[in-house]
Amino acid sequence: MSQKKSPRFELRSGNVDALLLALNTADLDALRDDLLSRFESTPDFFSDDVVALDLRRLEGDSALALDRVIDTLATLKARAIGVVARADQRAWAGAFGLPLLDSQSRRGGKDETPKEKEKEKAGSAETGAAAVAPAAGVDAEGDAKAGAAASADSGAADATANGTASDIADIMAAASAASGPRAIPTLLIDKPLRSGQQVYAQGDVVILDLVSYGAEVIAEGNIHIYAPLRGRALAGVKGNPDARIFCTCLEPELISIAGIYRTAEQTLPADVLGKSAQVRLANEKLILEPLRMK
């Protein structure tokens, strides 16, 4: 079979945004009741979102009928795509047709249970030093930049021995350009977002029209909405705790910064509900403040 690259498909490494549903109880009847009572009144809340089931907080080793949780999520228009489990849970957790996944924290690094953290601390104390490893999931662009910078550094060393000062300056400039930050333009949306529509911005996003119920705005940077926000707004989704949400009429289904979220079930304070406001993160807590526009 020819090994030539096919123009009809491409395999790449990448990250997919998914919700993580952490189960804190083995009482599946109570869990179903809680999920339905919280989200059944907003049928478009999940809007076909994909969800991974996190079992690591469950005590004991008793097997659960995860198909009941999967069915409950389907009722709420969410789709289970995998299971995150401890080593002692994997045998039964993988029996429901879902792949076993590893969870990576939005703030970088692999999520760990308290027991795993204690084990890691003990291991560090015994060795007296920690080895530094490259983070998993570095994208191809990051690899290319790192390779370019390394090549430039190597070239600079060769030039020092054999080349001129001008050669060295050119190589160092190339190294600086290769390793420098990439400018990401702000995304501008001047049309209303309807239910079911989603916008993703690698940097900041500015929206000049209505974000309807069931619509979703996701940004790695800040979100600016100069109109009513009635859908969902998620800023700093790659783990940026300094990201903010600015809105001239705050009536959201959900707001989130760096993975810390608040839903419509928690009534907003009167001084920001339906008014100009900003949302920021402080000490792992969402702060909602009136936005003074003069």
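Below is a short write-up of the structure. (Residues numbered from 1 in each chain as written. Predicted model: local features only at pLDDT ≥ 70, side-chain atom pairs only at ≥ 80, totals over all residues. Heavy atoms only, no water.)

**Considerations on the overall build of the protein**
Scanning the protein from N- to C-terminus turns up six helices and 14 strands. Across the 294 residues of the protein, 34% fall into the buried class. Summed over all atoms, the accessible surface of the protein reaches about 18000 Å², with 52% contributed by carbon and sulfur. (Helix = DSSP H or I, 4+ residues; strand = E, 2+ residues; numbered from the N terminus. Buried < 20%, exposed > 50% of the residue type's maximum accessible area, 1.4 Å probe, protein only. Areas by Shrake-Rupley, 256 points an atom, 1.4 Å probe, with all protein chains shown as cover.)

**Side note on helix α1 (residues 28-39)**
Note: α-helices contain 3.6 residues per turn, so residues at a spacing of three or four share the same orientation. Spanning twelve residues, α1 covers 16 Å between terminal C-alpha atoms, matching the ideal 16 Å at 1.5 Å per step. Along α1, the positions that sit buried rather than exposed are Leu-28, Leu-31, Leu-35, Leu-36 and Phe-39. The buried residues of α1 occupy one face: seen down the axis, they fall within an arc of 125°. Exposed residues lying more than 90 degrees from the buried face of α1 are Asp-34 and Ser-37. Tucked inside the fold, the buried residues of α1 contact β1 (19-22) and α2 (66-75). The backbone nitrogen of Asp-29 has a side-chain oxygen 3.3 Å away, supplied by the residue at the start of α1, namely Asp-27. (Expected span 1.5 Å × (residues − 1). Arc of directions from axis to C-beta. Contact = heavy atoms within 4.5 Å. Polar contact = N/O pair within 3.5 Å; in protein donor to acceptor, adjacent residues only side chain to side chain.)

**Observations concerning a nonpolar patch on the surface**
A cluster of nonpolar side chains, Leu-188, Leu-208 and Tyr-226, forms an exposed patch at the surface whose accessible area comes to about 310 Å². Looking at the element boundaries, Leu-188 is found in strand β4 (residues 187-189). By relative accessible area, which is 53% here, Leu-188 ends up exposed. (Patch = residues over 30% accessible without salt bridge, like charges linked within 9 Å, V, L, I, M, F, W, Y side chains within 5 Å. Salt bridge = Lys/Arg side-chain N within 4 Å of Asp/Glu carboxyl O.)

**Remarks on the sheet that holds strand β10 (residues 245-250)**
The six strands are arranged β4-β6-β8-β10-β13-β14 in an open sheet whose pairing can be described as mixed. Unpaired on one side and paired on the other, β4 and β14 (285-290) mark the two borders of the sheet. Strand-to-strand twist in this sheet, taken as the mean axis angle between neighbours without regard to direction, amounts to 20°. One ladder, built from three bridges, connects β4 with strand β6 (residues 205-207); its direction is parallel. Each bridged residue has a counterpart across the sheet, and for Leu-187 the counterpart in β6 is Val-205. (Pairing = 2+ DSSP bridges. Axes fitted to C-alpha atoms, helices over the stretch in contact; angles between N-to-C directions.)

**Comments concerning the pattern of salt bridges**
Two side chains of opposite charge can pair, provided their charged atoms sit close to one another. Under the definition given, this model contains nine salt bridges. The salt bridge partner of Arg-280 is Glu-289, with a shortest N-O separation of 2.7 Å. We classify Arg-280 as partly exposed; its relative accessible area is 23%. Here Glu-289 falls in the partly exposed class, since its relative accessible area comes to 23%. Counted as one network, the salt bridges with shared partners bring together Asp-49, Glu-216 and Arg-232.

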